Amino acid sequence: MSIRQATHSGSWYSNSPARLNSQLSKYLNEAPNELIKGARILVGPHAGYDYSGPMLARTYKAFDSKNIKRIFIMGPSHHVYYKNNVMLTGFDSYATPFGDIPVDKSTIRELVKLDKSMFKIMDEEMDEDEHSFEMHMPFLYKVTESLQNGPPMIIPIMISHTDESFEKKLADYLKPYFEDKENAFIISTDFCHWGSRFRYTKYTQNGKLSNLTNLNSYEGISNTSSSLKIHESIELLDKRGMKMASTGSYSQFKSYINKTKNTICGEKPLSVLISIMEPYYPNDSDGRFKWLGYSQSNKIMYNPKDSSVSYASGYAVL
């Protein structure tokens, strides 16, 4: 049996089962929400736990996993660029410090058979370099290990470059799985990556997206100014994106992305999920995305040389 090793344990999070269990228990106990009945559609970040742990805890504390048999987890590719296909794991399971989470190899074979030009198997190095799935695995294991058969099987789907026609085609392929209430869908994504090292320094002085401009290293924000602080501008930008995702409208979310170019690293996977969900949520539906929390790795005040990454936790019920 081939096992994808927990390559980021010991650095991005603890490789000690006891220490990791204590850390995750603390995050889950401090999360203000409870399990939400029917919450089988989740959004959560994938940074080191010192940064993203509290938001991931809110996501997984909401998860209604009682009748879930398999989980489709979609995330971005951080190290390899490719287009016109998506990558699936070739491993039989994903390791965590707590134990292994099985991969649904049968469903992966179904997807490859469905469209060999779209669904590809990634090589082991690509799989183990990527962190967007791995960072979810310890939380997933911890909140589902008490289920009768242990943690559900996973189907990791890694997405790089896409266009709208490709996203809608992928959504059409995944809709039959979405309709099965024994399946859960998880999007692994951080939100705005702000700063020159991310090549994104958009800022709105007055809170209007129509006034977004690029700051450079010489354009600091005066600490006596009545203008928004940089972190306030970032939060406004992110929460507008979260609101657009909550409309349930694929076109509105894409319009927001095209207008702001917000560096939401899982924007492509999130777009696919919104496209999948859209037909199932009428305009007056109360089941679209709801958000459980938001945070930033660094509250940038005035200095555009600083940087930060944003994290959000969300869910939907169908």
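Quick caveat: nothing in here was measured; it's all calculated off a predicted structure. Each chain has its residues counted from 1, following the order in which its sequence is written. Where local features are concerned, this predicted model is filtered to residues with pLDDT of at least 70; where side-chain atom pairs are given and counted, the filter is 80 or more; whole-chain, interface and lining totals use all residues. Only hydrogens and water are set aside when side-chain values are computed; all heavy atoms of the structure are taken into account.

Trainee: So, the packing of helix α6 (residues 164-179) against helix α9 (residues 267-277): which residues are in play, and what are the values?
Mentor: Whenever a helix is involved, its axis is fitted only over the stretch in contact; in every case the axis is a line through C-alpha atoms, and angles between N-to-C directions fall within 0 to 180 degrees. Elements are defined by DSSP. Helices are runs of H or I of four residues or more, strands are runs of E of two residues or more, and each kind is numbered from the N terminus. At a minimum axis distance of 8 Å, the contact between α6 and α9 shows a crossing angle of 60°. On the basis of the axis angle, α6 is oblique to α9. Here the hand of the crossing between α6 and α9 comes out right-handed. Where α6 abuts α9, its residues Glu 167, Lys 168, Leu 170, Ala 171, Leu 174, Lys 175 and Phe 178 lie against Glu 267, Lys 268, Ser 271, Val 272, Leu 273, Ser 275, Ile 276 and Met 277. In this count, Pro and Cys sit with the nonpolar residues alongside Ala, Val, Leu, Ile, Met, Phe, Trp and Tyr, while Asp, Glu, Lys and Arg are called charged and the others, Gly among them, polar. Of the residues in the contact of α6 with α9, the class split is 8 nonpolar, 2 polar and 5 charged. An angle counts as roughly parallel when it lies under 35 degrees, as roughly antiparallel when it exceeds 145, as roughly perpendicular when it falls between 65 and 115, and as oblique in every other case. Note on convention: the crossing is left-handed when the near helix lies turned anticlockwise from the far helix by less than a right angle, right-handed when the turn is clockwise. Any two residues whose heavy atoms approach within 4.5 Å at even a single point are treated as in contact.

Trainee: Residues and numbers for the pattern of salt bridges, please.
Mentor: For this analysis, a salt bridge means a side-chain nitrogen from Lys or Arg found within 4 Å of a carboxyl oxygen belonging to Asp or Glu. This structure, assessed with the given rule, holds 12 salt bridges. Ionic pairing is found between Arg 70 and Asp 104, a salt bridge with its closest N-O pair at 3.1 Å. Of the two residues, Arg 70 is situated in strand β3 (residues 70-76) and Asp 104 in the loop between β6 (99-102) and α3 (105-114); the sequence distance between them amounts to 34 residues. Assigned by exposure class, Arg 70 and Asp 104 land together as buried. Among the salt bridges present, the one from Lys 105 reaches Asp 92, with a minimum N-O distance of 3.0 Å. Taken together, the positions of Lys 105 in helix α3 and Asp 92 in the loop between β4 (86-88) and β5 (93-96) put the pair 13 residues apart, joining distant regions of the chain. Since its relative accessible area comes to 22%, Lys 105 is described here as partly exposed. On the basis of relative accessibility, which here comes to 24%, the residue Asp 92 falls in the partly exposed class. Each of Arg 4, Asp 127 and Glu 134 takes part in salt bridges that share partners, so that together they form one network. Here the term buried applies to any residue with accessible area under 20% of the maximum for its type, exposed to any over 50%, and partly exposed to those in between, with areas from a 1.4 Å probe on protein chains only.

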